[in-house]
Amino acid sequence: MSFLRTEALSRSFGGLAAVAGVDLSVEPGEIRAIIGPNGAGKTTLVSLISGRVPPSSGRIEFDGDDITALKPWERVLRGIVYTFQITSIFRNLTLAENVMLAAQRAASRDQPLWRGLDDRAVTQAVDAALERVGLASRAQELAGELAYGHQRLLEVAMGLALRPKLLILDEPTQGLSEQEIADFCALVRSIAMDATILLIEHNMDVVMALAQRITVMNNGALLAEGTPDQIMNHAEVQRAYLGT
Amino acid sequence: MEGTVTAFVLALTALGLSLVFGVMRIVNVAHGEFFMLGAVLAWGFTALIPELPFWGFMLALLAAPVCVAAIAVIADALVLRRLNYEPEATIVATIGLLYILQQSVLTLYGPNAQPVVAPISFRVVLPWFGYSGYKLVVIGAAALLLIGVWYAITRTKFGLVMRATQFDRETAQAFGVPVKLVYAAVFALGAALAAIAGVLVVPLQQAHYLMGLDPLLLSFIVVIIGGLDSLKGTVVAAFIIGLSDGIISMFFSPTLAKIIATLAVALVLVWRPQGLFGARAR
Amino acid sequence: MTGRARVWVLHGGVILLLFLLQFVLPDYHHTNVARIMVLATYAIGYNLLIGYTGLLSLGHAMFFATGLYGAGLPIYYFGLHPVAGFLLGALLALVLAFVVGLIVLRTSGVAFMIVTMMFAQAFFLATLYFNGVTRGDEGLVLAAEARRFGFLGLDLDLAEPATRYNMALSLFTGALLICLALVRSPLGRVMIAIRENEERTRMLGYNARDYKLLALSLSGLLSGAAGAAYVLLFAYMGSSFAAIQYSILPLLWVLLGGIGTVIGPLIGTALMFYLIDKTSEVMQSYLIVVGAVLVALVLFFPKGLAGTLRQRYARWLP
């Protein structure tokens, strides 16, 4: 039984198929990278999984349940967490407030918000999440004032505070320095101890360092899937990437 | 026949609102005040030469829309452009504009309604009923204008530039379309259409500083029913509303008719924002 | 001082100041300030929606007027107890806001503004249509006996200036405290998040529609409570309170005082009240200041007084 499974999942925009008949299956605890050229449909695929975009056809199964019809916020409550490719933080709020919104949601998962929260536990969760991405010292700064790469780390902290079972990272290392990328890889490995990770990434070094399995997409369809070694030596993948 | 006059005047007014929304993507809440200004200015211009009512009215028909268009250009330059046409801020600003125009007219013109003599006074006498010839003039003039605007939009270079701006402001700008100028011109044109409607109506209905509210609400209704984006829909809807106004009022009290119409239109905007006649879904 | 202490000192100080004012104000201003406190309650209700949830309604007069008529008509016709009337008016406004919210929250932005305006216009026309009950523009005046009542062992007469003032102050204090507590709570945080970035809020696991509906309902409740208090304290109800102008006034008050601030609505209401009052003494077309201030605020001062203060000097201001 797979942890996440899509069946013939498709989505077209105005007649143009962005994702066409994708059967994806991810095991629990896995770090799965999704790679492919620009416009291959990677972001659309994870948007379908997170519920931001409704599918044209097909099914999605998560943790044993059919979640195709669930709204995006219901999927978040089940543990599917998406961090945006185009940074989407609350620019006019502080870092702490940004993460607080995620942490209080995780703390009130099974009850309405007005039933009261354990304030101290929420605050601790906020501190912990900011600590893990290395932004703890800047908790009281406005999120909009962060450098681009750090805004992306804040996105990850918000994702962490939601206590995900499946964390979708959409090009998380864009705008980070060498050292920050190395720290980030360590962070992802530690997250993977208790969550499954879907990673969209262009930086092949990061992909090779992190992924246990790699899925290659091209033109909205799955082109290949396998271990990093298999993918590196895959003829079709090389053709898609190198255009030969 | 009464309904036909209403329909044509309403079509002119609503077309102005629809053009402004279509091209500039803003809702002009002060649109009814342009209508009112047209009517009040018509009174002012005809009062200049009371001994020549026909020529006084002709003067008003030319000069009032020009004055109102000028006011619109000023409002665009001083207020709307500075807000970068941000939709919500623009609505708030045009609400302010509504009060400014209406209360200025109250100051300068006073609270009383003033009549304007129709430029012609012949009656068309048909076997079964007699009819004021002026109403035929209104219908004729409005029809000519509607055709003129339609021609200008679909067949002239200005229309092309306008549609290009409507379609995609950034791209139009990149291709050298003077977007600022187009916006100012469209806003002025929209205001002038309302003003002409006001001038045409004033011999039938007297000029008053509060007369802008009803045409504003009716134009909203028309534009929403016709589709926020569709000029053809606007004209069709104006005729349906204008002609049905009298019919509905026969069955219900006018107030009840207005309540039902207002609620119905609000629901149209909620469930079919592209209008009942707009073809394009968005 | 910590941020939290500052907040309580500031808002407690404002309440205390309003309480003490009643002993020094001359009669004319005594009545005015009582009226301002009731209208500021309306503005606080409006601000919950526009300032903290980011929804710009142009139809709040229907909630204010529902409170007004919901309290006033049963008292006028059936001699309902004023306290029961107040609760009924506020409750009806809450119900109306909830039901209207189910429909209008399918829209957003400009469409939301127009749809709320049209609902309010229909409500206004209905107050004219039922002229036989409401007396339309002419309105109804509550009899003096209807405003004398016993409550919790007290004999109260709402025509008595001191009673009226302190009732208005209690209402305002209640609204201020509710607003203050709400916007600093987890719930308020979600409302602000929706204002800042609705899509992101949804992807953090919040059903944004439900939170907007809650904010609109609360906003309607406070607006209705203000309307109900208005008819009780000032004895008059008429269609003009349902007209579009009473939807635009709270927008003006909140924009002037500072959108999305707890104290802003009071500042804006008081300033605008006196500005309109003074202008109406010198000219017939005094409503021109409404237009002029609206345009000036949007153009040059979008954050309003308290908002600018927060931005420049006091980041802690809630």
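Computed from a predicted structure; not experimentally measured. (Residues numbered from 1 in each chain as written. Chains lettered and ligands numbered in written order. Predicted model: local features only at pLDDT ≥ 70, side-chain atom pairs only at ≥ 80, totals over all residues.)

### Side note on the overall build of chain A
Looking only at helices and strands, chain A features 9 helices and 10 strands. Whereas a compact globule of 244 residues would reach a radius of gyration of roughly 18 Å, chain A reaches 18 Å, a difference of no more than 12%. For the C-alpha atoms alone, the extent of chain A along its principal axes is close to 55 × 40 × 35 Å. For chain A, contacts bridging at least 24 residues in sequence account for 66% of all contacts bridging at least 6. (Helix = DSSP H or I, 4+ residues; strand = E, 2+ residues; numbered from the N terminus. Rg over C-alpha atoms; globule rule 2.2 N^0.38 Å. Contact = placed C-beta atoms within 7 Å.)

### Focus on the overall build of chain B
What chain B contains, in helices and strands, is 11 helices and 2 strands. Each helix and strand of chain B, placed in order from N terminus to C terminus, yields the pattern α-α-α-α-β-β-α-α-α-α-α-α-α. Classification of the 282 residues of chain B by burial places 47% in the buried group. Residue pairs in contact within chain B that sit at least 24 positions apart in sequence constitute 76% of those at least 6 positions apart. (Buried ≥ 20, exposed ≤ 12 C-beta atoms within 10 Å, placed from the backbone.)

### Topic: the sheet that holds strand E5 (residues 65–66) of chain A
All names here are of chain A. Taken in spatial order, the 4 strands line up as E2-E1-E4-E5 in an open sheet, and their pairing is antiparallel. Sheet topology places strand E2 (16–26) and E5 at the edges, where each strand pairs with a single neighbour. Taken together, the 2 bridges between strand E4 (residues 57–62) and E5 define a ladder with antiparallel strand orientation. Bridging across to E5, Glu61 finds its partner in Asp66. Taken strand by strand, helix H1 (residues 42–50) contacts strand E1 (4–13), E2 and E4, and its axis lies near 65 degrees from that of E2. (Pairing = 2+ DSSP bridges. Axes fitted to C-alpha atoms, helices over the stretch in contact; angles between N-to-C directions.)

### Quick notes on unusual backbone geometry
Residues and elements named next belong to chain A. Phi at Asp63 is positive, roughly 55 degrees, even though this residue is not glycine. Relative to the helices and strands, Asp63 resides in the loop between E4 and E5. Residue Glu171 is not a glycine yet carries a positive backbone phi of 50 degrees. Residue position: Glu171 is located in the loop between strand E7 (166–170) and helix H6 (178–191).

### Some thoughts on helix H7 (residues 161–183) of chain C
All names here are of chain C. Counted at 1.5 Å a residue, the expected span for H7 with its 23 residues is 33 Å, and the 33 Å between its end C-alpha atoms agrees. Among the residues of H7, those classed as buried are Arg164, Tyr165, Met167, Ala168, Leu171, Phe172, Ala175, Leu176, Cys179 and Val183. Residues of H7 that are buried make contact with helix H1 (3–21), helix H2 (27–50), helix H8 (186–196) and helix H10 (208–234). (Expected span 1.5 Å × (residues − 1).)

### Structural notes on the interface of chain C and chain B
Listed by partner, the interface residues are 33 residues for chain C and 34 residues for chain B. Each residue belonging to the side of chain C that touches chain B can be placed in one class, and the counts come to 26 nonpolar, 6 polar and 1 charged. (Nonpolar A, V, L, I, M, F, W, Y, C, P; charged D, E, K, R; others polar.)

### Let's talk about the interface of chain A and chain C
Chain A puts 22 residues into the contact, and the matching count from chain C is 15 residues. Of all the elements in the fold, those that place two or more residues in the side of chain A that touches chain C are helix H2 (72–78) and helix H3 (95–107) of chain A. Broken down by class, the residue content of the side of chain A that touches chain C amounts to 15 nonpolar, 4 polar and 3 charged.

### Quick look at the UniProt feature "transmembrane region" (unreviewed entry) in chain B
Residues and elements named next belong to chain B. The UniProt record marks residues 6–27, 34–50, 56–79, 91–111, 131–153 and 181–202 with the feature "transmembrane region" (unreviewed entry), using the residue numbering of this structure. Within residues 56–79, the helical portion is 100% and the strand portion 0%, while the C-alpha atoms at the span's ends are 33 Å from each other. Helix makes up 90% of residues 91–111 and strand makes up 0%, while its end C-alpha atoms are separated by 26 Å. (UniProt positions renumbered as here; feature names shortened; annotations may be inferred.)

### Description of the pairing of strand E3 (residues 154–157) of chain C
Each regular strand shows side chains that alternate between the opposite faces of the sheet. All names here are of chain C. Relative to E3, strand E2 (residues 148–151) runs antiparallel, the two sharing 4 bridges. Bridging from a neighbouring strand, Phe149 pairs with Leu156 of E3. A loop of 2 residues connects E2 with E3, the two strands running antiparallel in sequence, and Leu152 in this loop sits at a positive phi of about 50 degrees.

### Let's talk about the nonpolar core
Residues Val99, Ala157 and Ala161 of chain A are the most contacted members of the largest nonpolar core, which totals 284 residues. Ranked by residues supplied to this core, first place goes to helix H8 (residues 179–205) of chain B with 18 residues. Setting aside its immediate chain neighbours within four residues, Ala161 of chain A contacts Val99, Ala102, Ala103, Ala106, Ala125, Val126 and Ala129 of chain A. (Core = buried A, V, L, I, M, F, W, Y, C linked by C-beta atoms within 7 Å.)

### Points about the sheet that holds strand E8 (residues 196–200) of chain A
Within a beta sheet, neighbouring strands are joined by backbone hydrogen bonds and run either parallel or antiparallel to one another. All names here are of chain A. Pairing is mixed across the open sheet formed by 6 strands, whose spatial order is E6-E7-E8-E3-E9-E10. A strand with exactly one partner marks an edge of an open sheet, and here the two such strands are strand E6 (80–83) and strand E10 (221–226). Each adjacent strand pair in this sheet contributes to an overall mean axis angle of 20 degrees, direction not counted. Pairing of E6 with E7, which is carried by 4 bridges, proceeds in the parallel orientation. In the sheet register, Thr83 faces E7, and the bridge partner there is Leu169. Packed on one face of the sheet, helix H5 (residues 148–161) meets E6 and E7 and runs near 170 degrees to E6.

### Some words on the arrangement of the chains
The interface with the highest contact count, out of 2 pairs of chains in contact, is the one between chains B and C. The two units chain A and chain B never meet; even their closest C-alpha atoms stay 12 Å apart.

### Focus: the packing of helix H2 (residues 31–48) of chain B against helix H4 (residues 87–109) of chain B
Between two packed helices, what matters for the description is the angle formed by their axes and the separation of those axes. Residue and element names in this part refer to chain B. One way to put it is that H2 packs onto H4 with a least axis distance of 10 Å and a crossing angle of 20 degrees. In terms of orientation, H2 and H4 fall into the roughly parallel class. With respect to the hand of their crossing, H2 and H4 are arranged in left-handed fashion. Contact residues: Glu33, Met36, Leu37 and Val40 in H2; Leu98, Leu101, Gln102, Val105 and Tyr109 in H4. Here the contact of H2 with H4 is composed, by residue class, of 7 nonpolar, 1 polar and 1 charged. (Parallel < 35°, antiparallel > 145°, perpendicular 65-115°, else oblique. Left-handed = near helix turned anticlockwise from the far one by under 90°.)

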